[in-house]
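Residue-level structural notes
Each chain, written out:
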Amino acid sequence: MFAMGPAFFGRASAPATLALSGTFPAATVGVAYDEYLTISGGVTPYSLTGGTGLASGSLPAGLSLSIDSTTHLRLSGTPTTSGTATFTASVDSTDSQTATSAQSIAVAAGATTYTAAVLSDSPVAYYRCDDNASNNAVVPAVGSPGFNAVLASGASGTANTSTVTTAGLLAGAADAAFSFSAAQYIRAPALAASFASLTVWTFECVYNAIVVPYYGTLVQSGPVASGSTGSLEVNAVDAGSGKYYLRFMQSGVGQVASTPNYNLGTKVHLAVVRNGATDYVYINGTLLASFANVWTMRTTDTWRFGAGSFSGTDGQYPFAGVLDEIAVYGTALSGARIAAHAALI
C-alpha cells in the first residue's frame, strides 16, 4: 500500500506556519539604523498587523517598521532618544495567519560633543584649526589616516605667519579657530588618494563670514595649478547690507545659490556630499539643494580651505572670517548624520 496525502485527493498542502525569526540589535542616538527580522511560512504578500506592525509596546523614537521584499520585517530610521524600548512585532500573511516576536532594543546615547561625532564617522582628515599659526605652519589632522595640511598665504603658497587664532565656533568648547584676513588659506594634500571611491565623499566645516569683499572661497578641490576646470568650489558671495549668499560651482559653472541671504557674523555648519552621480548641499543640518555631478575628482587633486586656485595661481579669492572644524570623509554621510553634527555646534 502507499500513503494517500492531500494531493492524491486533489487538495493542496496547508501553508507552513507563519513565523518571525531573529533579534534586532542595539542602536545609537543619531546613527542611522536599518535592520531586519526574517519572515517565513504563510502565504505572501505579508503585511504589518494593524498597519503598524506592533502588537504591544513602543518602538524606539525615530524608528518605524515596514515589509521589505517578501522575506523581511524591516526596522529603520535614526533613533532620537536613548533608553530601552520593549515591544512585540507582528506580521500577517494573506492566509490569515499572524506571527509575533518579542523584542527589546537598547538605544545608547550618541556623541555629546561635535569632535566625538566627527571622529565616530572616521574622517580621512579632520582639521581642528586650534593651532597658533604664528608658531606653526603645519595644520595637524586629528584621527586616522589624518593627512596634515599647510597654512599658506597669497599666491606664493609659502608658510604663513600672520594668521591668528580666535575663539572657536563650537558651543561650550574652550578651543580655538583660525581667523583669516582674506590673505591666508589652508592647502591640503591629495586627500582623495585614500578614498574608497572618487564618487563618494563628504566635506564639512563650521565657519563665520566676517567680510565678503566680492566673494571668498570656503573650499575648493581641483588640480594643483589650473583654472576653474575640473574643480568643486563653495563661495561666500557679497549680497550687500551685511548679508551674503553661498554659491556652489563645478568646473567654473554655478550649480546652485543659497536663499535666503545669510547675515555676516553668524556661524554656519556647511556640508557637501557626493554620492555617485549627485551632489548634496546641507546648511545647518538641512538639505539646501542637490544637483547632478558634472565634475570628476582625481586622486591628485589638491584641497584648499579659505581660498582657491584660478588661472594657474593658488590663493585667489580668499575668505575673510573664521574657519573651524574642517573635516573630509571618504564616505557619503547621511542627512541624519550631518544633522546630528550640526546640532552639536
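As a starting point, this report considers the structure included with it. Every chain's residues receive numbers from 1 upward, in the order its sequence appears when written. Whole-chain, interface and lining totals are the exception, using all residues; otherwise, since this is a predicted model, local features are given only for residues with pLDDT of at least 70 and side-chain atom pairs are given and counted only at 80 or more. As a rule here, side-chain values come from all non-hydrogen atoms in the structure, and water together with hydrogens is ignored.

So, the overall build of the protein
Counted only if it meets this: Secondary structure elements are taken from DSSP: a helix is a run of H or I of four residues or more, a strand is a run of E of two residues or more, and numbering for both begins at the N terminus. Burial classes follow relative accessibility: with a 1.4 Å probe on protein chains only, a residue under 20% of its type's maximum area counts as buried, one over 50% as exposed, and anything between as partly exposed. The contact criterion used is simple: two residues touch if any of their non-hydrogen atoms lie within 4.5 Å. The protein chains shown are the only cover counted for residues, whose accessible areas, like all others here, come from Shrake-Rupley with a 1.4 Å probe.
Along the backbone of the protein there are 2 helices and 30 strands. Counting every position in the protein, which comprises 345 residues, the buried fraction comes to 45%. Within the protein, counting contacts between residues at least 6 apart in sequence, those at least 24 apart form 64% of the total. When the accessible surface of the protein is split by element, carbon and sulfur atoms take 55% of a total near 14,300 Å².

Considerations on unusual backbone geometry
The peptide bond linking T44 to P45 adopts the cis configuration, its omega dihedral lying at 5°. Examined against the element boundaries, P45 turns out to sit in the loop between strand 3 (33-40) and strand 4 (47-48). In this structure, S122 takes a positive phi of about 55° despite not being glycine. Mapped onto the elements, S122 comes out in the loop between helix 1 (114-120) and strand 10 (125-127). Even without being a glycine, E325 presents a positive backbone phi close to 50°. Examined against the element boundaries, E325 turns out to sit in strand 30 (residues 320-329).

Some words on the packing of aromatic side chains
To be explicit about the condition: Note on aromatic contacts: the rings of Phe and Tyr and the six-membered ring of Trp form a pair at centre separations within 6.5 Å, being stacked when their planes are under 30 degrees apart, edge-to-face when over 60 apart, and tilted otherwise.
The final tally for this structure, using the stated rule, is 9 aromatic pairs. In textbook terms, an aromatic cluster arises when at least three aromatic residues are bridged by ring pairs, as seen for Y127, W201, F203, W303 and F305.

As for the nonpolar core
Put simply, the test is: What makes a nonpolar core is a set of buried Ala, Val, Leu, Ile, Met, Phe, Trp, Tyr and Cys residues whose side-chain atoms join them at distances within 4.5 Å.
Core analysis: the biggest nonpolar cluster contains 43 residues, and Y127, I186, F203, Y207, L270, W303 and F305 have the highest contact counts within it. Looking at this core element by element, the count peaks at 5 residues for strand 18 (residues 200-211). Residues contacting I186, with those up to four places away along its chain left out, are C129, V139, A149, V150, L151, F178, F180, W303, R304, F305 and I326. Grouped together as the second largest cluster of nonpolar side chains are 20 residues, I39, L48, L75 and F87 included.

Structural notes on helix 2 (residues 335-342)
For clarity, the cut-off: Here, the arc refers to the directions that run from the helix axis to the C-beta atoms.
R337, I338, H341 and A342 are the residues of helix 2 that are buried. Buried positions in helix 2, seen along its axis, are confined to an arc of 135° and lie on one side of it. Where helix 2 is buried, its residues touch helix 1, strand 18, strand 24 (267-275), strand 25 (278-283) and strand 30.

Overview of the pattern of salt bridges
The criterion, for reference: For this analysis, a salt bridge means a side-chain nitrogen from Lys or Arg found within 4 Å of a carboxyl oxygen belonging to Asp or Glu.
Counted by the stated rule, this structure contains 7 salt bridges. Here D68 ties to R74 by a salt bridge, and the two come within 3.9 Å at their closest N and O atoms. The partner of D121 in a salt bridge is R337, and the shortest N-O contact between them spans 3.1 Å. With D121 in the loop between helix 1 and strand 10 and R337 in helix 2, this residue pair connects regions lying 216 residues apart in the sequence. We note that D121, like R337, is buried. A single salt-bridge network, built from bridges that share partners, covers D34, D68 and R74.

Looking at the environment of A26
Here A26 is to be found in the loop between strand 1 (19-21) and strand 2 (27-28). The exposure class of A26 is exposed, given its relative accessible area of 57%. Between the alpha carbons of A26 and V107 there is a distance of 5.9 Å; along the sequence they are 81 residues apart. Apart from residues lying up to four places away in sequence, A26 is in contact with Y33, I105 and A106.

Description of the environment of T302
Among the structural elements, T302 can be located in strand 27 (residues 302-305). Sequence separation between T302 and S231 is 71 residues, and the spatial gap between their C-alpha atoms is 9.6 Å.

What about the side chain of S221?
Applied cut-off: The definition of a polar contact used here is a pair of N or O atoms within 3.5 Å, where within protein one atom must be able to donate a hydrogen and the other to accept one, and adjacent residues in sequence count solely through side-chain atom pairs.
Tracing the backbone through its elements, the reader meets S221 in strand 19 (residues 215-222). Looking at S221, its side chain comes within polar contact range of the side chain of W303, at 3.4 Å.

Everything listed here is a matter of geometry and, on its own, says nothing about what the molecule does.
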